[in-house]
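Below, each chain spelled out in residue letters.
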Amino acid sequence: QLASGAVPLLRELQIFDQVDSTNARVLAGLESGIGHGQVVLAEQQTAGRGRRGRTWESPFGAGISLSIGWQFSGGVQLLEGLSLAVGVALARALAKFDVPDVRLKWPNDVWCRGRKLAGVLLELSGDLTDRCAVVVGIGLNMRLPRAAAESIGQPWIDLAEVRPGISRNSLVAAMLDELLPMLAGYPDDGFGRWRDEWLALDQFAGAQVCLQSAQQRWCGIERGVDGSGALLLDVDGTLKAFHGGEVSLRPA
Ligand code: BT5
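Worth saying up front: this structure is predicted, and the values here are computed from it rather than measured.

About the thresholds
- Residues numbered from 1 in each chain as written.
- Predicted model: local features only at pLDDT ≥ 70, side-chain atom pairs only at ≥ 80, totals over all residues.
- Heavy atoms only, no water.
- Helix = DSSP H or I, 4+ residues; strand = E, 2+ residues; numbered from the N terminus.
- Buried < 20%, exposed > 50% of the residue type's maximum accessible area, 1.4 Å probe, protein only.
- Contact = heavy atoms within 4.5 Å.
- Areas by Shrake-Rupley, 256 points an atom, 1.4 Å probe, with all protein chains shown as cover.
- Lys, Arg positive; Asp, Glu negative; His and termini not counted.
- Charge placed at Lys NZ, Arg CZ, Asp CG, Glu CD.
- Domains from an automatic or database assignment.
- Buried area = accessible area lost by both parts, 1.4 Å probe.
- Salt bridge = Lys/Arg side-chain N within 4 Å of Asp/Glu carboxyl O.
- Polar contact = N/O pair within 3.5 Å; in protein donor to acceptor, adjacent residues only side chain to side chain.
- Nonpolar A, V, L, I, M, F, W, Y, C, P; charged D, E, K, R; others polar.
- Disulfide = S-S within 2.5 Å.
- Near = heavy atom within 4 Å.
- 1 Å grid on protein atoms, 1.4 Å probe; cavity = no way out; pocket = protein on both sides within 12 Å on 5 of 7 lines; lining within 4 Å.
- Sits in = over half its atoms within 2 Å of the grid points.
- Core = buried A, V, L, I, M, F, W, Y, C linked by side-chain atoms within 4.5 Å.
- Pairing = 2+ DSSP bridges.
- Axes fitted to C-alpha atoms, helices over the stretch in contact; angles between N-to-C directions.
- Points joined across faces, edges and corners; volume = space filled by probe spheres on them.
- Phe/Tyr/Trp six-rings, centres within 6.5 Å; stacked < 30°, edge-to-face > 60°.

### Some words on the overall build of the chain
Part 1 of the reasoning: Along the chain, the regular secondary structure elements total six helices and 12 strands.
Part 2 of the reasoning: Referenced to the eigenvectors of the C-alpha coordinate spread, the extents of the chain come out at roughly 50 × 45 × 35 Å.
Part 3 of the reasoning: Taking all 252 residues of the chain together, 50% fall into the buried category.
Part 4 of the reasoning: A sequence separation of at least 24 residues applies to 67% of the contacts in the chain between residues at least 6 apart.
Part 5 of the reasoning: When the accessible surface of the chain is totalled, it reaches about 11,600 Å², and 48% of it is carbon and sulfur.
Part 6 of the reasoning: Between the centroid of the 24 positive side chains of the chain and the centroid of its 28 negative side chains there is a distance of 4 Å.

### Comments concerning the domain arrangement of the chain
Interface size is commonly expressed as the accessible area that is lost once the parts come together.
Part 1 of the reasoning: On domain assignment, one finds that the chain holds domain 1 (12-200) and domain 2 (208-251).
Part 2 of the reasoning: One C-alpha centre belongs to domain 1, the other to domain 2; they are set 23 Å apart.
Part 3 of the reasoning: The interface is formed by 14 residues belonging to domain 1 together with 18 residues belonging to domain 2.
Part 4 of the reasoning: Here domain 1 and domain 2 share an interface that buries about 1,200 Å² over both sides, 56% of which is from carbon and sulfur atoms.
Part 5 of the reasoning: The largest contributions to the domain 1 side of the interface with domain 2 come from Arg 52, Glu 80 and Trp 106, which together make up 48% of the buried area.
Part 6 of the reasoning: Here domain 1 is connected to domain 2 by zero salt bridges.
Part 7 of the reasoning: Taken together, the connections running from domain 1 to domain 2 amount to seven residue pairs in polar contact (both at pLDDT 80 or more).
Part 8 of the reasoning: Sort the elements by how many residues they give to the side of domain 1 that touches domain 2 and helix α6 (residues 192-200) lands first, with four residues.
Part 9 of the reasoning: Of the residues assigned to the side of domain 1 that touches domain 2, the class counts are six nonpolar, two polar and six charged.

### So, the state of the cysteines
Part 1 of the reasoning: One pass over the structure, following the stated rule, counts one disulfide.
Part 2 of the reasoning: A sulfur-sulfur distance of 2.0 Å marks the disulfide that ties Cys 210 to Cys 219. Taking the torsion about the S-S bond as the criterion, the Cys 210 to Cys 219 disulfide, at about 105 degrees, is right-handed.

### Here's the deal with the site of the ligand
Part 1 of the reasoning: Surrounding the ligand, one finds 29 residues, the nearest of these being Ser 21, Arg 49, Arg 51, Arg 54 and Lys 116.
Part 2 of the reasoning: Taking Ser 21, its side chain carries an N or O atom lying 2.7 Å from an oxygen atom of the ligand.
Part 3 of the reasoning: Contacts to the ligand include Lys 116, whose side-chain N or O atom sits 2.7 Å from an oxygen atom.
Part 4 of the reasoning: One can see that the ligand is located within the largest pocket.

### Regarding the nonpolar core
Part 1 of the reasoning: Formed by 63 residues in total, the largest nonpolar core has its most connected members in Trp 106, Leu 159 and Leu 179.
Part 2 of the reasoning: The residues that make up this core include at least three from each of domain 1 (12-200) and domain 2 (208-251).
Part 3 of the reasoning: Once residues lying within four places of it in the same chain are set aside, the contact partners of Leu 179 are Leu 66, Ile 68, Val 86, Ala 89, Leu 90 and Ile 138.
Part 4 of the reasoning: Membership of the second largest hydrophobic core comes to six residues, among which are Leu 27, Leu 30, Val 40 and Val 135.

### As for the sheet that holds strand β8 (residues 208-212)
Part 1 of the reasoning: Reading across from one edge, β11-β10-β9-β8-β12 is the order of the five strands in this open sheet, with antiparallel pairing throughout. Either end of the sheet is taken by a strand with one partner, and the two such strands are β11 (238-242) and β12 (248-251). Each neighbouring strand pair of the sheet contributes to a mean axis angle of 45 degrees, computed without reference to strand direction.

### Description of the layout of surface pockets
Part 1 of the reasoning: The space that makes up the largest pocket amounts to roughly 730 Å³.
Part 2 of the reasoning: Contributing to the lining of the largest pocket are 40 residues, with Arg 54, Thr 55, Trp 56, Lys 116 and Gln 154 lying nearest its centre.
Part 3 of the reasoning: Only α1 (22-31), β3 (63-73), β5 (109-112), β6 (115-125), β7 (131-141) and β12 provide two or more residues apiece to the lining of the largest pocket.
Part 4 of the reasoning: By residue class, the composition of the lining of the largest pocket is 13 nonpolar, 19 polar and eight charged.
Part 5 of the reasoning: Counting only domains with at least three residues in the lining of the largest pocket, you end up with domain 1 (12-200) and domain 2 (208-251).
Part 6 of the reasoning: When its volume is computed, the second largest pocket comes out at roughly 520 Å³.

### Some thoughts on the packing of aromatic side chains
Part 1 of the reasoning: Evaluated as defined, the whole model comprises two aromatic pairs.
Part 2 of the reasoning: For the ring pair Trp 111 and Phe 204, a centre distance of 5.4 Å and an interplane angle of 75 degrees mean the geometry is edge-to-face. With Trp 111 in strand β5 and Phe 204 in the loop between α6 and β8, this pair connects stretches of sequence that are 93 residues apart. You'll find Trp 111 and Phe 204 in the same group, each marked buried.

Below, the structure written as structure tokens:
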């Protein structure tokens, strides 16, 4: 039992020059029964992944590609809202380096000055009813080469533009100092403990947005998130709740 406020130690740290995907590495560890507290970092990913088959651009030296494996004794329902709590932890780490204008975009982006600075990808393994394991994958731009940036189909930003000179090692350490205690406490605390901070950083609070699923589109006013992390959208006066797996959010 750790003293309250103490940061759990990571169990194993691996740093690669090049991997396909740091998430894939940690997922393989979790599936073979190891990997709790395992942290993998890479200089370059050849197949960095986003959600639903999308690509995460992470060429050599562009930033931080980080994955953490974590096992939970309990079903996957414990983890609702976890990707939002990860966003809050990242915003806290960036605040330690005075990175200005950091905001969160539901469910899994960190934005800065209206552009995407970092993305979060959670991948699950285990039987998901009695025990589950999660890979928390984070990609953050420090100095993205222009050639790589050309294939990103949305506005992006890197720390070189907004706050140059941050030590990558120090930022990784700050991220782990926020993420590890959050993961350790999450089954007890849940998203509720993170909700107010998330709402204070919400990029689109009160804005007109659209949510897109494979079959349908809803447009309305973004009204923050509920206690489980579901997005609340005011569609013609009716509040509807949406979960992160189903839809993507776009400014209207
Ligand atoms: C994400 O997906 O934003 C999750 C990204 C997670 C990447 C990390 S890196 C470490 C770990 N290992 C992995 O293999 N993945 C994780 P999504 O919300 O689906 O957003 C993907 C979209 O972001 C792409 O379709 C592009 O439009 C955009 N994008 C790609 N690369 C980007 C970059 N470097 N900076 C900003 N936007 C980018």
